[in-house]
Amino acid sequence: KILARFLRRAWRRPANGEEMANWLAHYGRMRNPGDPPISAFKDTLSAAFASSHFLYLSEPFKSDKSRKLNAHELAVRLSYFLWSSMPDEELSALADSGRLLDTKVLGQQFKRMLADEKADRFAEQFSMQWLDLEGVDRVAINPQYYKDFDNSLKPDMVGETQSFFREVLRSNSSALQ
């Protein structure tokens, strides 16, 4: 049960029966008679962290034919897109039940996640890349023309732009108005 719960969180999806059997067999191979079982368990968990299921977001390609994302793949992509993190319990439960594939439920989850402060990560990262806000630090201001400019204002300039983008995003309004 512990291994199944661990793999569920580490892989951002439930492990299937074959995967569980393989990991239990791995644990059995790591277990030395006379050693405490916790040692083999730690080795098994460490190996799970080295697996591609933990390190990468799996792509839905089994052959030359593409397919639609399943509920867990959709939950992971949505969560990493908006929150830069793994799905929370609510999103995971909806993926487990398959209800996340319902467009109405998906829309509700998108709105819920966007309203969460964790979505600020998306707004900050996206606006930094889109508007090249890191470039603000690379710009040298000529003190002959702008005598009152203080370089300590640069982080505030970036912060104001990111706050504006967050507001436009959350209120679904136009940046042109």
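Since the model is a prediction, treat every value here as computed from it, not as a measurement. (Residues numbered from 1 in each chain as written. Predicted model: local features only at pLDDT ≥ 70, side-chain atom pairs only at ≥ 80, totals over all residues. Heavy atoms only, no water.)

## Looking at the confidence of the model for the protein chain
When pLDDT is averaged along the protein chain, the result is 88; 96% of the residues meet or exceed 70. Confidence scores differ between elements of the protein chain, with helix H4 (residues 52-55) showing the lowest mean pLDDT of 83 and helix H7 (residues 103-115) the highest of 95. (pLDDT = per-residue confidence, 0-100. Helix = DSSP H or I, 4+ residues; strand = E, 2+ residues; numbered from the N terminus.)

## Comments concerning helix H6 (residues 89-97)
Residue pairs spaced three or four apart in an α-helix point in one direction, given the helix's 3.6 residues per turn. Of all the positions in H6, only Leu91, Ser92, Leu94 and Ala95 are classed as buried. The buried residues of H6 all sit within an arc of 160° when viewed along its axis, so they share a single face. Where the residues of H6 are buried, they touch helix H1 (2-10), helix H5 (71-83) and H7. Positive phi shows up at Gly98, right after H6, with a value of about 85°. (Buried < 20%, exposed > 50% of the residue type's maximum accessible area, 1.4 Å probe, protein only. Arc of directions from axis to C-beta. Contact = heavy atoms within 4.5 Å.)

## Digging into the packing of H1 against helix H3 (residues 37-49)
In helix packing, the relevant descriptors are the interaxial angle and the interaxial distance, both defined with respect to the helix axes. One can describe the packing of H1 onto H3 by two numbers: an axis separation of 11 Å at closest approach and a directional angle of 20°. The angle between H1 and H3 falls in the class roughly parallel. In this structure, H1 crosses over H3, and the sense of that crossing is right-handed. From H1, Ile2, Leu3, Phe6, Leu7 and Ala10 reach across to H3, where they touch Phe41, Thr44, Leu45, Ala48 and Phe49. Partitioned by chemical class, the residues of the contact of H1 with H3 number 9 nonpolar, 1 polar and no charged. (Axes fitted to C-alpha atoms, helices over the stretch in contact; angles between N-to-C directions. Parallel < 35°, antiparallel > 145°, perpendicular 65-115°, else oblique. Left-handed = near helix turned anticlockwise from the far one by under 90°. Nonpolar A, V, L, I, M, F, W, Y, C, P; charged D, E, K, R; others polar.)

## Here we look at the nonpolar core
Soluble globular proteins: nonpolar side chains tend toward being buried together. Among the nonpolar cores identified, the biggest contains 14 residues, and Leu82, Leu91, Leu100 and Met113 are the most heavily contacted of them. Breaking this core down by element, the ones donating at least two residues are H5, H6 and H7. The leading source of residues in this core is H5, at 6 residues. Among residues more than four places away in sequence, those in contact with Leu100 are Ala71, Leu74, Ala75, Leu91, Leu94, Ala95, Val105, Leu106 and Gln109. (Core = buried A, V, L, I, M, F, W, Y, C linked by side-chain atoms within 4.5 Å.)

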